[in-house]
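Summary of the model geometry
In case you want the letters, here they are:
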Amino acid sequence: MRKLLCLLALSVLVVPSARADQSIAINFRGGAAKPWGDMVKGAHMSDNLSWGFPLQGDLAFRFTKQLGVGAYVRYAPLNLSDSAQNACNAHGRSCSTSDIGFGGLVEYRFGERLDGGGWLGASVGYEMLRFQGGTGSQSSTSTASGFEAGLQAGYDFTLAGITIGPFVHCDVGQFGKVKYEAGGQTTTSNITDKAMHGWFGIGVRLGILI
């Protein structure tokens, strides 16, 4: 991922037609994503989760009309798989889960137009996957966390002073620790059987320039 970010930056620096822009792009994204891989070895993401619905906001400074660098924050409510939901119902528990991510991003546009066109993005950040369950006044929360990285590609159209268009993304991550909270007690442990997981998704991005 580090090499990819460097190549994106260098590809802009060596393009003689790239002109300074120095604007700020603010984007809002929404979509749907399907999990893949394992939370830990032998524990498939799809055994517990069916779909995610990520909502993301990002802000990028446009160094040139082709290159932007910035940060993102994401919140995604998740749907439990049928088997996980049935297990919660069988024990009379109210269960929910969500995914939070934040980090840095870089975006390269395949042209100098600020008001639309194709683009390619990459991101590196931190992810927290949270499971919550409870019966009455008793509840517990498990949070798995670790680093993540992603690739995105899309195409923007101009509409009434804003840009809007579809995009696809693939994210990959690895959980390194898990925190368990119940009854006012908190325990944190490192994950020894680490595994790779991620999300495949599609969505729509809406953006403005200031």
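Preceding block: the structure.
In short, a report on the structure. (Residues numbered from 1 in each chain as written. Predicted model: local features only at pLDDT ≥ 70, side-chain atom pairs only at ≥ 80, totals over all residues. Heavy atoms only, no water.)

Under the defined criterion, the tally for this structure stands at one disulfide. Disulfide partner of Cys88: Cys95, at an S-S distance of 2.0 Å. In this structure the cystine formed by Cys88 and Cys95 twists about its S-S bond by roughly -105°; its chirality is therefore left-handed. The class of Cys88 is buried, set by a relative accessible area of 11%. On the basis of relative accessible area, Cys95 is assigned to the partly exposed category, the value being 22%. (Disulfide = S-S within 2.5 Å. Buried < 20%, exposed > 50% of the residue type's maximum accessible area, 1.4 Å probe, protein only.)

This part covers the nonpolar core. Ranked by size, the top nonpolar core spans 14 residues in total, and within it Met45, Leu49, Leu78, Leu129, Phe175 and Trp199 carry the most contacts. Mapped by element, the contributors of at least two residues to this core are strand E1 (20–40), strand E5 (67–80) and helix H3 (82–90). A per-element tally of this core places E5 first, with three residues. Contact partners of Leu78, with chain neighbours within four places excluded, come to Leu49, Trp51, Gly52, Thr97, Ser98, Asp99, Leu129 and Trp199. (Core = buried A, V, L, I, M, F, W, Y, C linked by side-chain atoms within 4.5 Å. Helix = DSSP H or I, 4+ residues; strand = E, 2+ residues; numbered from the N terminus. Contact = heavy atoms within 4.5 Å.)

Further remarks concern a nonpolar patch on the surface. A grouping of Phe28, Leu206, Ile208 and Ile210 is seen on the molecular surface, where their side chains present a nonpolar patch of about 370 Å² in accessible area. Relative to the elements of secondary structure, Phe28 occurs in strand E1. A residue is classified by how much of its surface remains accessible, and Phe28, at 49% relative accessible area, is partly exposed. (Patch = residues over 30% accessible without salt bridge, like charges linked within 9 Å, V, L, I, M, F, W, Y side chains within 5 Å. Areas by Shrake-Rupley, 256 points an atom, 1.4 Å probe, with all protein chains shown as cover. Salt bridge = Lys/Arg side-chain N within 4 Å of Asp/Glu carboxyl O.)

A few words on the side chain of Glu148. By secondary structure assignment, the location of Glu148 is in strand E8 (residues 138–159). Excluding residues that lie within four positions of it along the chain, Glu148 makes contacts with Tyr72, Arg74, Gly101, Phe102, Ser123, Val124, Gly125, Tyr126, Glu127, Val172 and Gly173.

In summary, the side chains of a regular strand alternate between the two faces of the sheet. Here 18 bridges tie E8 to strand E9 (residues 162–182), and the two strands are oriented antiparallel to one another. Looking across to E9, one finds that Gly154 is bridged to Phe167. Adjacent in sequence and paired antiparallel, E8 and E9 are bridged by two residues, among which Ala160 carries a positive phi angle near 50°. Looking at chain direction, E9 and strand E11 (residues 197–209) are connected through eleven bridges and run antiparallel. Residue pairing for E11: Gly165 is matched across the bridge by Arg205. Two elements, E9 and strand E10 (residues 185–190), share six bridges in a ladder whose sense is antiparallel. Bridge assignment links Lys177 to a residue of E10, and that residue is Asn190. (Pairing = 2+ DSSP bridges.)

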